Amino acid sequence: YGHDDAGGREALDSVFAHVVGAEAAIVRPQFFSGTHAIACALFALLRPGHELLAVAGPPYDTLEEVIGIRGSDNVGSLKDFGITYREVPLAADGGLDWDALAHAVRPETGCALIQRSCGYSWRKSLGIDDIRRTIDLIKMQNPNCKVMVDNCYGEFVETSEPPMVGADLIAGSLIKNPGGTIAPCGGYVAGKKDLVAAAAARLSAPGLGVEFGSAPGHVMRAMFQGLFLAPQMVGEAVKGGLLIAEVMSAKGYRVQPLPRAPRHDIVQAVELGNRERLIAFCEVVQQTCPVGSFIKPIAGETPGYASEGHFC
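Residues numbered from 1 in each chain as written. Predicted model: local features only at pLDDT ≥ 70, side-chain atom pairs only at ≥ 80, totals over all residues. Heavy atoms only, no water.

Draft legend 1. Spotlight on the overall build of the protein. The helix and strand inventory of the protein stands at eight helices and 11 strands. Taking 2.2 N^0.38 as the reference for a compact globule, 312 residues should give roughly 20 Å; the C-alpha atoms of the protein span a radius of gyration of 19 Å, in line with that estimate. Summarising its shape, the C-alpha atoms of the protein cover approximately 55 × 50 × 40 Å along the three principal directions. Considering only intrachain contacts with a sequence separation of at least 6, the fraction spanning at least 24 residues in the protein is 66%. About 15100 Å² of surface is accessible on the protein, with carbon and sulfur atoms providing 57% of the total. (Helix = DSSP H or I, 4+ residues; strand = E, 2+ residues; numbered from the N terminus. Rg over C-alpha atoms; globule rule 2.2 N^0.38 Å. Contact = heavy atoms within 4.5 Å. Areas by Shrake-Rupley, 256 points an atom, 1.4 Å probe, with all protein chains shown as cover.)

Laid out in structure tokens, this is it:
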């Protein structure tokens, strides 16, 4: 069961909460992915009759089925539980539409979802200052509306995290930034103590919450080590993004963010123009890797994504 794991699980929860400026955190290998952690957070915040409002345009691909806006009838999506969905389109420049956000929240809006990273969309990622301003606008309209931040790809890129500027919950994946390239699996939810407990009950069951969830010693050690190394690994990823942006832009390709622009996540997008160039680019990257250089990546479908393009 993992009762009384004060030296491992509880210590990691406490350290993680401290690092991101939250009241509490649950960091578990039992979270399959960032999407799983985000889904637990959304179900913790929303109830039948509530509305989920995405304030930065369409959500990340894998959340579409969680919300119920794509192919998920009768499997337990938010829509199945009577929760409606609405989104605020982005402004023409790919940033937040501040004028629209100023009057977007309704009485039934139970949760506003902020996606920090651009993900696979061609848009600007959000900095902590943008997130702070967004939260202030939301709370001015409805103080009872909870704010949830999809924090994937953004952890430790800046010196502050969303709970430090008013976010009620954040969630993400240990396979990305906070795992430091070492954590083999897992995710996290952090924020207000009562809301973290509600998300933990969604992961496990009501009455079990944060008090359950054993993990093998080698997995727990890797999660601690990954968190310790995360800032360095994130820094290296940011440097790699800057290099790719500079080189590919000089070769005439569209890039987002632009070379030497401020960074708010570790994502660097390059528009290669067609499927053949994309596959050729991925093949060359694999060929020059220090591990698995003999492997040929093949485009295929991945659960949760609507389009081909993830490589296996």
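This is not the end of the story, as more comes after the structure.
Draft legend 2. Just the packing of helix α1 (residues 9-20) against helix α7 (residues 217-250), in detail. α7 packs onto α1 with a crossing angle of 15° between their chain directions and a minimal axis gap of 11 Å. Our classification of the angle between α1 and α7 gives roughly parallel. Relative to α7, the crossing made by α1 is left-handed. Contacts from R9, A11, L12, V15 and F16 in α1 reach M220, M223, F224 and L227 in α7. Classifying every residue of the contact of α1 with α7 by side-chain character gives eight nonpolar, no polar and one charged. (Axes fitted to C-alpha atoms, helices over the stretch in contact; angles between N-to-C directions. Parallel < 35°, antiparallel > 145°, perpendicular 65-115°, else oblique. Left-handed = near helix turned anticlockwise from the far one by under 90°. Nonpolar A, V, L, I, M, F, W, Y, C, P; charged D, E, K, R; others polar.)

Draft legend 3. Spotlight on the side chain of S117. With respect to the helices and strands, the residue S117 is situated in the loop between β4 (109-115) and α5 (128-141). Reaching out from S117, the side chain makes a polar contact with the backbone nitrogen of G119 at a distance of 3.1 Å. Only 2.6 Å separates the side chain of S117 from the side chain of D265, close enough to count as a polar contact. Not counting chain neighbours up to four residues away, the residues in contact with S117 comprise R123, S125, C152, Y153, D265 and V267. (Polar contact = N/O pair within 3.5 Å; in protein donor to acceptor, adjacent residues only side chain to side chain.)

Draft legend 4. Structural context of the nonpolar core. The biggest cluster of nonpolar side chains holds 44 residues, and the ones touching the most others in it are F16, V27, I114, I131 and A190. Breaking this core down by element, the ones donating at least two residues are α1, β1 (24-28), α4 (98-101), β4, α5, β5 (146-150), β7 (187-191) and α7. The leading source of residues in this core is α7, at seven residues. Of the domains in this structure, domain 1 (8-226) and domain 2 (230-311) are the two that each give at least three residues to this core. Among the nonpolar cores identified, the runner-up in size contains 35 residues, and L42, L45, C111 and A171 belong to it. (Core = buried A, V, L, I, M, F, W, Y, C linked by side-chain atoms within 4.5 Å. Buried < 20%, exposed > 50% of the residue type's maximum accessible area, 1.4 Å probe, protein only. Domains from an automatic or database assignment.)

Draft legend 5. Spatial organisation of α7. With 34 residues, α7 extends 47 Å between its outermost C-alpha atoms, agreeing within 8% with the 50 Å of an ideal straight helix rising 1.5 Å per residue. The largest bend in α7 amounts to roughly 50° and is located at A230, with the proline P231 lying one to four residues further along. For α7, the full list of buried residues reads V219, M220, A222, M223, G226, L227, A230, V234, V238, G241, A245 and M248. In this fold, the buried residues of α7 make contact with α1, β1, β8 (254-256), β9 (269-271) and α8 (275-287). Looking one or two residues beyond α7, the residue adopting positive phi is G252, at roughly 100°. (Expected span 1.5 Å × (residues − 1). Bend = angle between axes of the 7 residues up to and from the residue.)

Draft legend 6. Expanded view of the side chain of R86. By the element assignment, R86 lies in strand β3 (residues 84-87). Judged by its relative accessible area of 18%, R86 falls in the buried class. A distance of 2.8 Å separates polar atoms of two side chains, one belonging to R86 and the other to E51. A distance of 2.7 Å separates the side chain of R86 from the backbone oxygen of A104, its partner in a polar contact. Setting aside chain neighbours within four positions, we find R86 in contact with E51, L52, L53, A54, A104, R106 and T109.

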